[in-house]
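Residues per chain are reported as follows:
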Amino acid sequence: MIEKIKQYLNEIKYNTIIIYKQNNNSTSLNKKSPFLKCKFKQENDIVTQKIQEYIDILLKNNNDEHNKLILRNLESLKIKNNKFIKNAFYLPSKNTIYLGKDKKESLPHELLHVASTYVTKDVTYTGFCQIAKNEEIGRGINEGFTELFNKDIFKENDALSAYSLFEVDVAKELIKLLDYETVKTHYFNADLISLLRMLKKYDTSENIVKFIKKVDYVTNNINKLETKKEMQEIYIDLYKWNAIRLKEQYENNEITKKQYENELLNNNKIYPARMLISLGVTDPIPNEVKKEVRRIII
């Protein structure tokens, strides 16, 4: 699947892996329709009510281009309580949200997964993640952008989520480089390829895919010290890409030369570096990298 992604990235003509038919009759949510097959005890009916509220908020905040997948998935969505699991999660293959004990605050986050997922026979496309039988790419940035949009759309945090630090911070740095609304559209159309194409102005296709895989590695091993090397490499990539963004802004007279040089000087203080500092690295960007970037772009 990685080779296929590289192939798509290197094509000049726009392509999308996502192929689905929109139901033209499903343009809005009919509140009287039994969209939600919630498996709850009677005392948890309030959760069903909250789900409906969240759906209404999502549909009102998004446009028709964003709502294609959620309207499709709501027709068979199931939500089940399971006191034996610790966290909440969405299982695309069954189109089901499983809620662990006391994890009702995770409903908006999981609903965003529902709103950005399309399942085919061979590949599951969910936001900026693609999952095949023996391969997966994009889990880290997908969780980061999901929580970023959760805070933006629902004004809530998935308070106990491990993604509230590293993945969200990486997503915040990436959004500085890209157009927010365009990224949002790609997310809700489960279009990882278009996101990666947007990043091609900053690096090669091969390096961008490596960056995504490094974020995945850190996500899958978030509490292990051996992720320090990959985490630092991620921050170096973000540092270099942000420097290119600053140069473009300066050349387009969007910022002054003084602003440009000051921003570049402080570029190593990128927000997500706190995660690396917590692992004992005082400065996430080595001096030789700073010198190389300044030599190239100034």
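Cut-offs and rules
- Residues numbered from 1 in each chain as written.
- Predicted model: local features only at pLDDT ≥ 70, side-chain atom pairs only at ≥ 80, totals over all residues.
- Heavy atoms only, no water.
- Phe/Tyr/Trp six-rings, centres within 6.5 Å; stacked < 30°, edge-to-face > 60°.
- Salt bridge = Lys/Arg side-chain N within 4 Å of Asp/Glu carboxyl O.
- Helix = DSSP H or I, 4+ residues; strand = E, 2+ residues; numbered from the N terminus.
- Buried < 20%, exposed > 50% of the residue type's maximum accessible area, 1.4 Å probe, protein only.
- Contact = heavy atoms within 4.5 Å.
- Expected span 1.5 Å × (residues − 1).
- Axes fitted to C-alpha atoms, helices over the stretch in contact; angles between N-to-C directions.
- Parallel < 35°, antiparallel > 145°, perpendicular 65-115°, else oblique.
- Nonpolar A, V, L, I, M, F, W, Y, C, P; charged D, E, K, R; others polar.

A. Representation of the packing of aromatic side chains in the model. Here the structure, examined in full by the defined rule, presents 12 aromatic pairs. Centroid distance Tyr-187 to Phe-188: 5.0 Å. Interplanar angle 90 degrees. Geometry classified as edge-to-face.

B. Representation of the pattern of salt bridges within the structure. Summed over the entire model, instances satisfying the criterion amount to seven salt bridges. Here Lys-214 ties to Asp-237 by a salt bridge, and the two come within 3.8 Å at their closest N and O atoms. Here the residue Lys-214 occupies a position in helix H9 (residues 205-220), and Asp-237 occupies one in helix H10 (residues 228-251), the gap between them amounting to 23 residues. On the basis of relative accessibility, which here comes to 13%, the residue Asp-237 falls in the buried class. One network of salt bridges, with partners in common, ties together Lys-214, Lys-229, Glu-233 and Asp-237.

C. Local environment of the side chain of Asn-62. Tracing the chain through its elements places Asn-62 in the loop between helix H2 (45-61) and helix H3 (68-74). If sequence neighbours within four positions are ignored, Asn-62 has contacts with Asn-67, Ile-153, Lys-184 and Phe-188.

D. Main features of H9. In this model, H9 (16 residues) spans 23 Å end to end at C-alpha, consistent with the 22 Å of a helix rising 1.5 Å per residue. Every buried residue of H9 is listed here: Ser-205, Ile-208, Val-209, Phe-211, Ile-212, Lys-214, Val-215, Asp-216, Val-218 and Thr-219.

E. Local environment of the environment of Tyr-54. Relative to the helices and strands, Tyr-54 resides in helix H2. Put simply, Tyr-54 and Leu-107 are 53 residues apart on the chain and 8.2 Å apart in space, counted from C-alpha to C-alpha.

F. Highlighting the packing of helix H6 (residues 166-177) against H9. H9 packs onto H6 with a crossing angle of 160 degrees between their chain directions and a minimal axis gap of 10 Å. By the angle class used here, H6 and H9 are roughly antiparallel. Note on element contacts: H9 touches H6 through Phe-211, Val-215, Val-218 and Thr-219, opposite Phe-166, Glu-167, Val-170 and Leu-174. Looking at the contact of H6 with H9 residue by residue, the class counts come to six nonpolar, one polar and one charged.

G. Inspection of the environment of Tyr-250 at higher detail. By secondary structure assignment, the location of Tyr-250 is in helix H10. Sequence separation between Tyr-250 and Tyr-260 is 10 residues; the distance between their C-alpha atoms is 6.3 Å. Setting aside anything within four residues of it in sequence, one finds Tyr-250 in contact with Ile-255, Thr-256, Lys-257 and Tyr-260.

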